[in-house]
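A look at the structure
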Amino acid sequence: MTLHAFNKICVLGLGYVGLPTAAVFASRGVDVLGVDIDQRAVALINDGKVHIVEPDLDILVKGAVAAGKLRAKTIPETADAFIIAVPTPFTDGKKPDLSYVKAAVESLAPVVKKGDLVIIESTCPVGTTDQASGWLAAARPDLSFPDGAGDAADIQIAHSPERVLPGRVLIELVRNDRVVGGVSPRCAKRAAQLYRIAIEGECLLSSARTAELVKLSENAYRDVNIAFANELSLVCDALDIDAWEAIRLANRHPRVNILNPGPGVGGHCIAVDPWFIVDSAPDITPLIKAARGVNDSKPAHIANSVRDAARGKGTASIACLGLAYKADIDDLRESPAVAVVVDLARSGDLTLNVVEPYCQELPGPLQNQPGVTLTSLETALQTCDIIVLLTDHTPFRDMVPDDYPDKTILDTRGLWK
Ligand code: SAJ
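Cut-offs and rules
Residues numbered from 1 in each chain as written. Predicted model: local features only at pLDDT ≥ 70, side-chain atom pairs only at ≥ 80, totals over all residues. Heavy atoms only, no water. Helix = DSSP H or I, 4+ residues; strand = E, 2+ residues; numbered from the N terminus. Rg over C-alpha atoms; globule rule 2.2 N^0.38 Å. Buried < 20%, exposed > 50% of the residue type's maximum accessible area, 1.4 Å probe, protein only. Contact = heavy atoms within 4.5 Å. Areas by Shrake-Rupley, 256 points an atom, 1.4 Å probe, with all protein chains shown as cover. Lys, Arg positive; Asp, Glu negative; His and termini not counted. Charge placed at Lys NZ, Arg CZ, Asp CG, Glu CD. Arc of directions from axis to C-beta. Polar contact = N/O pair within 3.5 Å; in protein donor to acceptor, adjacent residues only side chain to side chain. Salt bridge = Lys/Arg side-chain N within 4 Å of Asp/Glu carboxyl O. Phe/Tyr/Trp six-rings, centres within 6.5 Å; stacked < 30°, edge-to-face > 60°. Lys NZ or Arg CZ within 6 Å of the ring centre and 35° of its normal. Domains from an automatic or database assignment. Buried area = accessible area lost by both parts, 1.4 Å probe. Near = heavy atom within 4 Å. Nonpolar A, V, L, I, M, F, W, Y, C, P; charged D, E, K, R; others polar. Pairing = 2+ DSSP bridges. Right-handed = clockwise from strand over helix to strand, strands pointing away.

Quick notes on the overall build of the chain
A count of helical and extended segments in the chain gives 15 helices and 13 strands. At 23 Å, the chain has a C-alpha radius of gyration in line with the 22 Å of a compact globule built from 417 residues. Taken over the C-alpha atoms alone, the chain extends approximately 75 × 50 × 40 Å along its principal axes. The buried share of the chain, taken over its 417 residues, is 53%. Put simply, of all contacts in the chain between residues at least 6 apart along the chain, 70% involve residues at least 24 apart. Carbon together with sulfur atoms contributes 53% to the accessible area of the chain, which is approximately 18,100 Å² in total. Each charge class in the chain was averaged separately, 41 positive and 53 negative side chains, and the resulting centres sit 5 Å apart.

If you want it as structure tokens, here you go:
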């Protein structure tokens, strides 16, 4: 079969991964339709604007929309290739919730045609991409799919997990190597052809199942390493040793590279993905599970330290600096900073002046909590007795702690060390 070129692609999910991906392909001259169920995001994008904070994304989207290469809609259209970048959250029982991926895959049933390529970029438990091939096959019995027909299938389906670091998305999207796993070998080759239009990194071909596990392993690896740093910081606290100094010195060993302890691990990836491995193999993953436990316990430990400091001062006015899960982004998902403030707010007896440059209002769990206010850095610093640094945003970096000799400072990120 002769395969058509990729003149038009459709990107489903216009979030932190999908929108940059759509904009990068559009900037390479491909006609891109972005699809999202969020009508507000769709309207903003069609207006050349963005609904998320990511360096340079606004300029890229504005240019792509003005050039007529990027449009957005709430439902997909026919295209030569489809990239799915919707969320894969977990349930309360820490099980993967594939409902968004399934809905996105099934929304393609009315529009896919012979020769099309479908790529899932969403992080998925092992086996999801093969399953997706089955979902589409059930909806389109007139076409053949690679889970049954292998390389001879009418439709090619692959998994190529996104690997981009929030804050550096546009750089990493283009430069990082990509793992491209096909439901059949031909699917992987075809997906790599698409990515080569936009990316400079190498495309590393494999099976869909391996690609799925590779992605989960990357994030579980980082989680386990951060957990080591966090556990060490608890030991240092107990032994009255400066954790950052100890880690800095240990890292002078040629084969040691301990990561940074902090208030915990947030974001929609590292705090979630390890559970997908645990869910697939619960009896043989004690290390991955324990690492999650260590990182999840850190916000409560920080909140207890703040309470101890408040008791020691006989006072209760606290500046909480940062809510985002890491520096210089607006993402509050699974944020340990939010968890610390929620924990502190629970007793109702503390005045919590929260500073988050990327928020116009307090997030849901902190709204209408007695004593909790979103305020400016200046106001928070003037009125507080205790400063708790939770997110190392750039504006906080310029602060000089020595300027506040009468205040207790809890620097959970080691920013001012
Ligand atoms: N953190 C620490 N100490 C460290 C490093 C990070 O406490 O030394 C914390 C951060 O403050 C944050 C959390 O861990 O709360 C995660 O931040 P991160 O910068 O490590 O990673 P993410 O979640 O922003 O992005 C990760 C990246 N994965 C890896 O580095 C293996 C990224 O490449 C993935 O594309 C992304 O997950 C994803 O979408 O899966």
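Thoughts on helix H2 (residues 39-46)
Within H2 the residues assigned to the buried category are Ala41, Val42 and Ile45. Down the axis of H2, the smallest arc covering the buried residues is 100°, so these residues share one side. Residues of H2 that are exposed and point over 90 degrees away from its buried face: Gln39 and Arg40. Between the side-chain oxygen at the start of H2 and the backbone nitrogen of arginine 40 there is a gap of 3.0 Å, and the oxygen is on aspartate 38. Just downstream of H2, glycine 48 is the residue with a positive phi angle, here 80°.

Concerning the pattern of salt bridges
When their charged atoms lie close together, side chains carrying opposite charge are able to pair. In this structure the tally under the stated criterion is 21 salt bridges. Two residues, aspartate 47 and lysine 49, come together in a salt bridge whose shortest N-O distance is 3.4 Å. Lysine 49 sits in the partly exposed class, given a relative accessible area of 43%. A salt bridge links glutamate 172 to arginine 168; the nearest nitrogen and oxygen atoms lie 3.2 Å apart. The exposure class assigned to glutamate 172 is buried, which follows from its relative accessible area of 14%. Assessed through its relative accessible area of 39%, arginine 168 is described here as partly exposed. The network of salt bridges with shared partners includes Lys8, Arg71, Lys73 and Glu77.

Some details on the packing of aromatic side chains
Within the structure shown, the criterion is met by 1 aromatic pair. Measuring from centroid to centroid gives 6.4 Å for phenylalanine 25 and tyrosine 195, while their planes differ by 50°, and the two rings are tilted. Here phenylalanine 25 is found in helix H1 (residues 18-27), whereas its partner tyrosine 195 is found in helix H8 (residues 185-198), with 170 residues between them in sequence. Taking relative accessible area as the criterion, phenylalanine 25 reaches 2% and is therefore assigned buried. In this structure tyrosine 195 comes out as buried when scored by relative accessible area, which is 1%. Between the NZ or CZ atom of arginine 178 and the centre of the ring of tyrosine 195, over which it lies, the distance is 4.1 Å.

Digging into the domain arrangement of the chain
Structurally, the chain comprises domain 1 (8-201) and domain 2 (242-411). Each of domain 1 and domain 2 has a C-alpha centre, and these two points are 33 Å apart. Each partner contributes to the interface: domain 1 provides 16 residues, whereas domain 2 provides 15 residues. Between domain 1 and domain 2, the buried area comes to about 1,400 Å², and carbon and sulfur atoms account for 62% of it. The largest share of the area that domain 1 buries against domain 2 comes from Tyr16, Val53 and Phe90, three residues that together contribute 36% of it.

Concerning the side chain of lysine 326
Along the chain, the position of lysine 326 falls in the loop between strand E9 (317-321) and helix H13 (336-345). Buried charge lysine 326 goes without a salt bridge, the closest partner of opposite sign being glutamate 54 at 8.0 Å. A polar atom in the side chain of lysine 326 sits 3.4 Å from the backbone oxygen of proline 166. Ignoring sequence-local partners within four residues, the contact set of lysine 326 consists of Leu165, Pro166, Thr391, Asp392, His393 and Arg413.

Some thoughts on the site of the ligand
Around the ligand sit 21 residues in total, of which Glu162, Lys215, Arg222, Tyr325 and Arg413 are the nearest. Between an oxygen atom of the ligand and a side-chain N or O atom of asparagine 219, the distance comes to 2.7 Å. One nitrogen or oxygen atom from the side chain of arginine 222 is found 2.5 Å from an oxygen atom belonging to the ligand. Starting from 770 Å² of accessible surface for the ligand in isolation, the protein chains cover 89%. With 5 residues, the single largest contributor to the shell around the ligand is helix H9 (residues 208-239). A breakdown of the residues in the shell around the ligand according to their chemical character gives 9 nonpolar, 4 polar and 8 charged. Each of domain 1 (8-201) and domain 2 (242-411) accounts for three or more of the residues forming the shell around the ligand.

Looking at the pairing of strand E5 (residues 117-120)
With burial as the criterion, each face of E5 is covered, one bearing Leu117 and Ile119 and the other bearing Val118 and Ile120. Strand direction decides the pairing type here: strand E4 (residues 81-84) and E5, joined by 4 bridges, are parallel. Pairing of phenylalanine 82 across the sheet is with valine 118, part of E5. Between the parallel elements E4 and E5, the chain passes through helix H4 (residues 99-107) in a crossover that is right-handed. Bridge count for E5 against strand E6 (residues 156-159) is 4 bridges, and the pairing is parallel. When the sheet's bridge partners are listed, isoleucine 119 is paired in E6 with alanine 158.

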